[in-house]
Amino acid sequence: MKSFDEKIKKEKENGFASPPYMKSEPEDDFYHSPKHERSLKRERDDDDNDQLYQSYMLISVVTGQLDVLLLDCIFVIFTVIMEMIYLLDSRWEEERYTDGVKWKFLEHKGPVFAPAYEPIPSHVKFYYDGKHMKLSPEAEEVATFFAKMLDHEYTTKDIFRKNFFKDWRKEMTSEERAKITDLKKCDFTEMSEYFKAQSEARKAMSKEEKQKIKEENERILQQYGFCIMDNHKERIANFRIEPPGLFRGRGDHPKMGMLKRRIRPQDIIINCSKDSKVPEPPPGTKWKEVRHDNKVTWLVSWTENIQGSIKYIMLNPSSRIKGEKDWQKYETARRLKKCVDRIRAQYREDWKSKEMRIRQRAVALYFIDKLALRAGNEKEEGETADTVGCCSLRVEHIKLYPENEGQEYVVEFDFLGKDSIRYYNRVPVEKRVFKNLQLFMENKEPDDDLFDRLNTSILNKHLQELMDGLTAKVFRTYNASITLQQQLKELTTAEENIPAKILSYNRANRAVAILCNHQRAPPKTFEKSMQNLQSKIDAKRDQLADAKRELKSAKADAKVRKDEKSKKAVESKKKAVQRIEEQLMKLEVQATDREENKQIALGTSKLNYLDPRISVAWCKKWGIPVEKIYNKTQREKFAWAIDMAEEDYEF
DNA sequence: CACTCGACTTGCCGTGAACTAT
DNA sequence: ATAGTTCACGGCAAGTCGAGTG
């Protein structure tokens, strides 16, 4: 008899047992469409069957010697009973999709903890003020965190050093604390060298050793990397607890260098269902708490000590629960598409309002819509880097030019956004917007809020009234997806070959990334790899010239000789030229693509903003294999879309 | 309302595995 | 087979947004 695990494995191979989001047709409201009801019913049946299957297995264990025919009879009777129970239990579906219930059954093995600290060998010494000093294990561990970062520029920054030293001293014994009073007198170089040597050694490991580590990782993955949620075996995203270390934050972070504490079992909250096998804490330890909250999706949580925020272990994007949410996000954006004209007309009207708060709201919304700015929640000063979004823009972040380079009413934006990425843009705006901005800035200091009568909560409440489920970030999703669709339409030409079409796709993707300001640091090896590519192109050009010469002489030869053999030679030379031309074009396309991509990150928009059905439909329409657009993980994440979208899908 | 907290999405980057050229 | 290069993947910080509280 098949085990439950085997059944799950098979199910994974065959894809999901018809989750509700599979196989849609473009209906306005798929959630409540008859088709959806049908697929829900289908899934319900599958679930019930799974439950039946487990009961069936149980019985078969108890009555192992009974013959199969009898068991089949029991199975049939069970099916009938379950069907009746299902008919009576009309709340089943409601509970799953409303009231915030996220699952009915959840079982997992808990987190994998960071490996314990391994003291460094005694010959690796730490010096204070030139003298060797043996540190206590606690102080030593924190010292190694610093030693490992010695090559980074930020260990020279005052804030980093100050924060680190303060937290380090907390870990010291009182004797150490009395002695070590100045970070400048600390010499970590031997430690640093030791870790460099260690990482070299790791690289130089033999194949067998590497293989062994790989197998061990795979074993841990198999044991801890999956959970069972409502009869589906699902991949967990981050089942490993973050190891201790020094916090580095992004940009100019006031907390950089602080010690990120080691997480212990007594810090961990486990979430699972009551009827599941509760994960065991490591021997001799206890969990902080075990709870059974099916209104949330996380399996494990703990409080992190830098910001005091909660961290979670959740499921992989390929899971039902994430996929469904993702799909829902794009459906909301599609609903916005239907009423965006009305909303735009509305905010343009609101620019004229006599109420300041309404005009501010309308101008902010215009920026969010036109420039794809983020909402911009207020942040606690001194707790994080100073970054802003739309609602938290300050006067110092924009400049107004009544005229600039031949354009009227130009606004210049210059601020640090999420992750301290700079947003710089000059845009001409409507005269009314411009006049309003002038008013908003009147009698204000540079560090005053531009929209002093507005915050994200007010804005989102307003948006909620305009459309159910509408928030500021829906505009980003909507504008990103609609831009991709429109760009794909514009850039793709039927005659092009596949590499050229993919270049078009990347260009459309790039337009979105630029809109959303998704930047990246140019890769460290960019210049070199560009040169390499260029020399390949040059070599290919030479090769082409040679091939053409050969073709020419072959033709001349054929003219003189007029025999079969020389004709054939001409043909084969022609083919060679063609092949080389194609290769050359492919390389050139690659070079263009890479150059244009130097400072732009495509990944974020692809993963978070572009309705995958647009891409899938485009692939189907032009006969491009989806693998050219989405890699394996991406295909897993977007399984729902790949299954759903036909070539005529419209966002 | 303002403020905080909790849950969840979004975002950039470094590492190491996989691939390619030599 | 090895070295160099590319790319996928995971890590984890930093956002968004809604709910609860006083």
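What you see is a predicted model, and the numbers here were worked out from it, not measured in a lab. (Residues numbered from 1 in each chain as written. Chains lettered and ligands numbered in written order. Predicted model: local features only at pLDDT ≥ 70, side-chain atom pairs only at ≥ 80, totals over all residues. Heavy atoms only, no water.)

## Topic: the UniProt feature "coiled-coil region" (unreviewed entry) in chain A
Part 1: If you check UniProt for "coiled-coil region" (unreviewed entry), the listed places come out as residues 196-223 and 530-597 in our numbering.
Part 2: Note that residues 196-223 is 89% helix and 0% strand, and that its end C-alpha atoms are spaced 32 Å apart.
Part 3: Here residues 530-597 runs as 96% helix and 0% strand, with 12 Å between its end C-alpha atoms. (UniProt positions renumbered as here; feature names shortened; annotations may be inferred. Helix = DSSP H or I, 4+ residues; strand = E, 2+ residues; numbered from the N terminus.)

## Comments concerning the protein's contact with DNA strand C
Part 1: Near DNA strand C, the surroundings consist of 30 residues, among which Arg250, Lys311, Gly376, Lys473 and Thr633 are the closest.
Part 2: Here, DNA strand C places atoms within 4 Å of the protein, and 88% of those atoms are sugar or phosphate.
Part 3: Between DNA strand C and Asn460, the relevant distance is 3.1 Å, taken from a phosphate oxygen to a side-chain nitrogen or oxygen of the residue.
Part 4: At a separation of 3.1 Å, a phosphate oxygen of DNA strand C approaches a polar side-chain atom of Arg594.
Part 5: At the level of secondary structure, the elements contributing two or more residues to the surface near DNA strand C comprise α14 (472-491) and α16 (526-561).
Part 6: A per-class count over the surface near DNA strand C returns 4 nonpolar, 13 polar and 13 charged. (Near = heavy atom within 4 Å. Polar contact = N/O pair within 3.5 Å; in protein donor to acceptor, adjacent residues only side chain to side chain. Nonpolar A, V, L, I, M, F, W, Y, C, P; charged D, E, K, R; others polar.)

## Some details on a positive patch on the surface
Part 1: A contiguous patch of positive charge, built from Lys131, Lys179, Lys184 and Lys185, is present on the exposed surface.
Part 2: By the secondary structure assignment, Lys131 is in strand β3 (residues 131-133). (Patch = residues over 30% accessible without salt bridge, like charges linked within 9 Å, V, L, I, M, F, W, Y side chains within 5 Å. Areas by Shrake-Rupley, 256 points an atom, 1.4 Å probe, with all protein chains shown as cover. Salt bridge = Lys/Arg side-chain N within 4 Å of Asp/Glu carboxyl O. Lys, Arg positive; Asp, Glu negative; His and termini not counted. Charge placed at Lys NZ, Arg CZ, Asp CG, Glu CD.)

## Section: the sheet that holds strand β13 (residues 398-404)
Part 1: Strands sit in the order β13-β14-β15 across an open sheet of 3 strands; the sheet is antiparallel. Bordering the open sheet on either side are β13 and β15 (422-428), each of which pairs with just one other strand. Strand-to-strand twist across the sheet, computed as the mean angle between neighbouring axes with direction ignored, equals 15°.
Part 2: Of the strand pairs in this sheet, β13 and strand β14 (residues 407-416) are connected by 6 bridges, and their pairing is antiparallel. Within β14, the residue paired with Ile398 across the bridge is Phe413.
Part 3: Along the sheet face, helix α11 (residues 356-371) touches β14 and β15 and points at about 100° away from the line of β15. (Pairing = 2+ DSSP bridges. Axes fitted to C-alpha atoms, helices over the stretch in contact; angles between N-to-C directions. Contact = heavy atoms within 4.5 Å.)

## With respect to the domain arrangement of chain A
Where interface size is given, it is often the accessible area lost as the parts come together that is meant.
Part 1: Considered domain by domain, chain A is made up of domain 1 (46-88), domain 2 (106-114 + 208-320), domain 3 (126-204), domain 4 (321-467) and domain 5 (481-644).
Part 2: Every contact between the two is made by 14 residues of domain 2 and, on the other side, 15 residues of domain 3.
Part 3: Approximately 1,200 Å² of surface area, both sides summed, lies buried where domain 2 meets domain 3, with 65% of it carried by carbon and sulfur atoms.
Part 4: The three residues of domain 2 that bury the most area against domain 3 are Leu246, Met256 and Leu259, which together make up 47% of that side's buried surface. (Domains from an automatic or database assignment. Buried area = accessible area lost by both parts, 1.4 Å probe.)

## As for the UniProt feature "active site" (unreviewed entry) in chain A
Part 1: Under the present numbering, the feature "active site" (unreviewed entry) in UniProt falls on Tyr609.
Part 2: Residue position: Tyr609 is located in the loop between α18 (603-608) and α19 (612-622).
Part 3: Note on Tyr609: relative accessible area 15%, which makes it buried.
Part 4: Those residues within four positions of Tyr609 in sequence are excluded, and the remaining contacts are Tyr330, Arg476, Thr477, Ala480, Ser481, His518 and Thr604.
Part 5: Reaching out from Tyr609, the side chain makes a polar contact with the side chain of Arg476 at a distance of 3.0 Å. (Buried < 20%, exposed > 50% of the residue type's maximum accessible area, 1.4 Å probe, protein only.)

## Focus on the packing of α11 against helix α12 (residues 431-441)
Part 1: In the contact formed by α11 and α12, the axes pass within 11 Å of each other and the chain directions differ by 120°. As the angle between them shows, α11 and α12 are arranged oblique. Read as a crossing pair, α11 and α12 show a hand that is left-handed. Here Met356, Arg359, Gln360, Val363, Tyr366 and Phe367 of α11 come into contact with α12, specifically with Val433, Asn436, Leu437, Leu439 and Phe440.
Part 2: In terms of residue class, the contact of α11 with α12 is built from 8 nonpolar, 2 polar and 1 charged. (Parallel < 35°, antiparallel > 145°, perpendicular 65-115°, else oblique. Left-handed = near helix turned anticlockwise from the far one by under 90°.)

## Looking at empty space enclosed by the protein
Part 1: All told, the structure shown has 4 cavities of 30 Å³ or more when counted by the stated rule.
Part 2: Taken together, Glu242, Lys260, Arg261, Ile263, Trp302, Glu304, Asn305 and Lys311 make up the lining of the largest cavity.
Part 3: Class assignment of the residues belonging to the lining of the largest cavity gives a composition of 2 nonpolar, 1 polar and 5 charged. (1 Å grid on protein atoms, 1.4 Å probe; cavity = no way out; pocket = protein on both sides within 12 Å on 5 of 7 lines; lining within 4 Å. Points joined across faces, edges and corners; volume = space filled by probe spheres on them.)

## Digging into helix α6 (residues 158-171)
Part 1: End to end, α6 covers 20 Å across 14 residues, agreeing with the expected 20 Å (1.5 Å per residue, within 8%).
Part 2: The set of residues buried in α6 consists of Phe160, Asn163, Phe164, Phe165, Asp167 and Trp168.
Part 3: Packing partners of the buried residues in α6 comprise β2 (126-128), α5 (137-148), β4 (186-187), β7 (245-246) and β8 (259-260). (Expected span 1.5 Å × (residues − 1).)

## So, the environment of Lys102
Part 1: As for its position among the elements, Lys102 is in the loop between α4 (91-97) and β1 (106-107).
Part 2: A residue is classified by how much of its surface remains accessible, and Lys102, at 30% relative accessible area, is partly exposed.
Part 3: C-alpha separation for the pair Lys102 and Asp230, spaced 128 residues apart in sequence, amounts to 9.6 Å.
Part 4: Not counting chain neighbours up to four residues away, the residues in contact with Lys102 comprise Asp230, Asn294, Lys295, Val296, Thr297, Arg320 and Ile321.
Part 5: A distance of 3.2 Å separates a polar side-chain atom of Lys102 from the backbone oxygen of Lys295.

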